[in-house]
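Chain by chain, the residues run as shown.
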Amino acid sequence: MMLTRRKFAIGCGAFASSAIFDAPLGFTDPAPADTHLPIPMLIDAAKQGNAVHLKAMFGRHAFIKGKPTGTYGYSAPVLGPVMRVRRGDEVQVTVENALDTVTTVHWHGLLAPGYNDGGPQQLIQAGENWRPVLKINQPAATLWFHPHPHHDTARQIYMGLTGIMIIDDGSDARLDLPRTYGVDDLPIILQDRSIDSDGSIGYDNNDLNALDIAYGARGDTVVVNGAITPIAKVPAGLVRLRLLNAANAQNFDLRFKDQRTFHIIASDGGFLAAPVAVTQLMISPAERFEILVDFSDGKAIALETGPDKEMGEFGRVAPDGSADYVVVMQFEPTPTMSLVKQIPSRLVEPATAVAASAVRRRQFVLDSGLCASRPQASAHTDMPALIGINGKPFDLGRIDVETKLGTTEIWEITSIGMAHPFHVHGAMFHILSIEGSPPPAHLIGWKDTVLVEDKAVLLVDFNQPATRQHPFMYHCHILEHEDAGLMGQYVCT
Ligand code: C2O
Ligand code: CU
């Protein structure tokens, strides 16, 4: 069985019913390691004539020292490069599929036409290449790229296919933000894995049971850029972390061990108008946040995560029944290295959309078949009965929504059974309300993914075309939900 599980009881929704299932209980607090934070290779597209080659390939990677295991990566044994592209440039990408199976590459958060989006219809057969020309025309942001072949997305990402794309529009220099890659500007890819004692991570599509699908693949070990509790040596000053949750299903609830204040400067779609001071940050699958952390006191400090609250009250308890928080990674500031010391008071005033301009209102009900409308669900056999949106599982041959280019719409998203991180391709949105309230300050900017526990109302801005041959997807970013059909597709003409 692929996942580490322990027996526990879990209730559904408001705990109307409960049953005994096998499911992972929480993270194991790892022994302190001495691994340095791996820094993915930087591809600065402009410096190589805006031609980028990415090779989806087999690799071997040791999550546990001395115990390498089979993985996938983009031009790397596991994960992939950080691709930096400039606004206004045209980037000729060649994706080479050196795997033995079909894949796609989706540019998550990139505003590009449907034919360049890399969704499940844009298959790259084993041994073949795909050559999209990406016109970069959106504000500075941290995006990412990953496979999207229907029914195999979860496994391919779990095996390691994930890379970051940074869009640079000159704001970093203008605002004098930390921007020295690998020094005071660090990509932080958060994932969780179940790693066997022989070092292997396995994911078998044929071995998933109803619970793996209902809860998504969850491991008991947090990995950062492919390493367990790594140490980052950082300047004793301001450091920018580009956080990406690339887990299949897990939400991370981040804080520093001393609960220091840090500043959120950007979300999925780019900069916020001003930094938002917080001591805690929840990041759900596929979300990105950029944060500034002040290490000028020179003290070594751990970044921690709490258990996933979305797993119900039992998610709050660590396996040994004690520690609530586990270490994600360590930071060790070095006094001589400080580069930037000042947090700007204002960032970038984002272009906004107005709710009054919306031309339509649509409802989307996300059902992972966990418990909703099946209060008697108590045995594995009668769940999941339905996984889909508005009562329909995904169908590659069906267009669910037709939108008009250059318009905005209000999308009301309702989650049934559990919280779903809802993502829209080819568009950014503003959160008008979340769980009945206006969004907190750090969720006010442009987003492409939002965790919907109960209900969210979004104002979606459609400015990229997508035809019936190459429609855009919207879906839950718990990858097992997506693969099982919690996805729909829309055109924009
Ligand atoms: Cu991160 Cu449909 O994608
Ligand atoms: Cu979901």
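Residues numbered from 1 in each chain as written. Chains lettered and ligands numbered in written order. Predicted model: local features only at pLDDT ≥ 70, side-chain atom pairs only at ≥ 80, totals over all residues. Heavy atoms only, no water.

**Concerning the sheet that holds strand β15 (residues 227–228)**
Thinking step 1. Here seven strands make up an open sheet; going across it, the order is β15-β14-β13-β17-β22-β19-β20 and the pairing mixed. At either end of the open sheet lies a strand with only one pairing partner, and these are β15 and β20 (270–278).
Thinking step 2. In terms of strand pairing, strand β19 (residues 262–267) meets strand β22 (residues 288–294) through three bridges, oriented antiparallel. From the neighbouring strand, I264 faces β22, where its bridge partner is I291. (Pairing = 2+ DSSP bridges. Helix = DSSP H or I, 4+ residues; strand = E, 2+ residues; numbered from the N terminus.)

**Describing the coordination of the copper ion (ligand 2)**
Thinking step 1. Within the protein, H420 (ND1), C476 (SG) and H481 (ND1) serve as the donor atoms for the copper ion (ligand 2), at 2.0 to 2.1 Å.
Thinking step 2. Taken in chain order, the donor set of the copper ion (ligand 2) reads H-x55-C-x4-H. Each member of the pair, C476 as well as H481, is classed as buried. (Donors = N, O, S within 2.8 Å, 3.2 Å for Na, K, Ca; no water. Buried < 20%, exposed > 50% of the residue type's maximum accessible area, 1.4 Å probe, protein only.)

**As for the side chain of D117**
Thinking step 1. Looking at the element boundaries, D117 is found in the loop between β8 (106–108) and β9 (129–130).
Thinking step 2. One buried charged residue, D117, forms no salt bridge at all, with the nearest opposite charge on R288 at 11 Å.
Thinking step 3. For D117, the side chain forms a polar contact with the side chain of H425, separated by 2.6 Å.
Thinking step 4. If we ignore the near neighbours within four places in the chain, the residues touching D117 are V105, H106, W107, Q122, H425 and F472. (Lys, Arg positive; Asp, Glu negative; His and termini not counted. Salt bridge = Lys/Arg side-chain N within 4 Å of Asp/Glu carboxyl O. Polar contact = N/O pair within 3.5 Å; in protein donor to acceptor, adjacent residues only side chain to side chain. Contact = heavy atoms within 4.5 Å.)

**Concerning the sheet that holds strand β31 (residues 449–452)**
Hydrogen bonds between backbone atoms are what pair the strands of a sheet, whose relative direction is either parallel or antiparallel.
Thinking step 1. Strand order across the open sheet formed by five strands is β27-β34-β33-β29-β31, with mixed pairing between neighbours. Every other strand in the sheet has two partners, leaving β27 (401–403) and β31 as the edge strands with one partner each. This sheet shows a mean twist of 25° between the axes of neighbouring strands, independent of strand direction.
Thinking step 2. Of the pairings in the sheet, the one linking strand β29 (residues 420–424) to strand β33 (residues 472–476) comprises three bridges and is antiparallel in character. The residue bridging H423 from the neighbouring strand is H475, located in β33. (Axes fitted to C-alpha atoms, helices over the stretch in contact; angles between N-to-C directions.)

**Quick word on the pairing of strand β23 (residues 301–306)**
Thinking step 1. Within β23, six of the six residues are buried, leaving the element largely enclosed by the surrounding structure.
Thinking step 2. Residues of β23 alternate between two faces, with I301, L303 and T305 on one and A302, E304 and G306 on the opposite face, all of them buried.
Thinking step 3. When strand β18 (residues 252–256) meets β23, the two strands line up antiparallel, connected through four bridges. Of the residues in β23, the one forming a bridge with F256 is L303.
Thinking step 4. Examined bridge by bridge, β23 and strand β24 (residues 326–334) share five bridges and lie antiparallel to one another. Considered in β24, the bridge of E304 is made with V327.

**Looking at the pattern of salt bridges**
Thinking step 1. Considering all chains together, one arrives at 26 salt bridges under this definition.
Thinking step 2. A salt bridge links D152 to R155; its shortest N-O distance comes to 2.8 Å. Each member of the pair, D152 as well as R155, is classed as buried.
Thinking step 3. If you follow the salt bridges from partner to partner, you end up with D172, D185, R240, R242 and E290 in one network.

**Concerning the environment of T414**
Thinking step 1. Following the sequence through the fold, T414 ends up in strand β28 (residues 407–416).
Thinking step 2. The spatial distance from the C-alpha of T414 to the C-alpha of D454 is 5.7 Å, given a sequence separation of 40 residues.
Thinking step 3. The residues touching T414, leaving out its near neighbours within four places in the chain, are F364, V365, L366, D454 and K455.

**Structural notes on the confidence of the model for the protein**
For residues with low pLDDT, the predicted coordinates do not support detailed interpretation.
Thinking step 1. For the protein, the average pLDDT comes to 89, and 87% of its residues sit at 70 or higher.
Thinking step 2. Predicted confidence is poor over residues 1–24, with pLDDT under 50, and the contacts of this stretch with residues over four places away or in other chains come to 66 contacts.
Thinking step 3. Across residues 372–384, where pLDDT falls below 50, the model places 26 contacts with residues more than four positions away in sequence or in other chains. (pLDDT = per-residue confidence, 0-100.)

**Notes on the packing of aromatic side chains**
Thinking step 1. Counted by the stated rule, this structure contains 19 aromatic pairs.
Thinking step 2. Here F364 and W411 contribute two aromatic rings whose centre-to-centre distance is 4.3 Å and whose plane-to-plane angle is 40°, an arrangement assigned as tilted. With F364 in strand β25 (residues 360–367) and W411 in strand β28, the pair connects residues that are 47 residues apart, well separated along the chain.
Thinking step 3. A relative accessible area of 1% means that F364 is categorised as buried.
Thinking step 4. The exposure class assigned to W411 is buried, which follows from its relative accessible area of 0%.
Thinking step 5. Through successive ring pairs, a cluster of aromatic residues spans F364, W411, F422, F462, F472, Y474 and Y490.
Thinking step 6. Here R193 stacks its cationic end above the ring of Y158, 4.2 Å away from the centre of that ring.
Thinking step 7. Here R255 stacks its cationic end above the ring of Y325, 3.4 Å away from the centre of that ring. (Phe/Tyr/Trp six-rings, centres within 6.5 Å; stacked < 30°, edge-to-face > 60°. Lys NZ or Arg CZ within 6 Å of the ring centre and 35° of its normal.)

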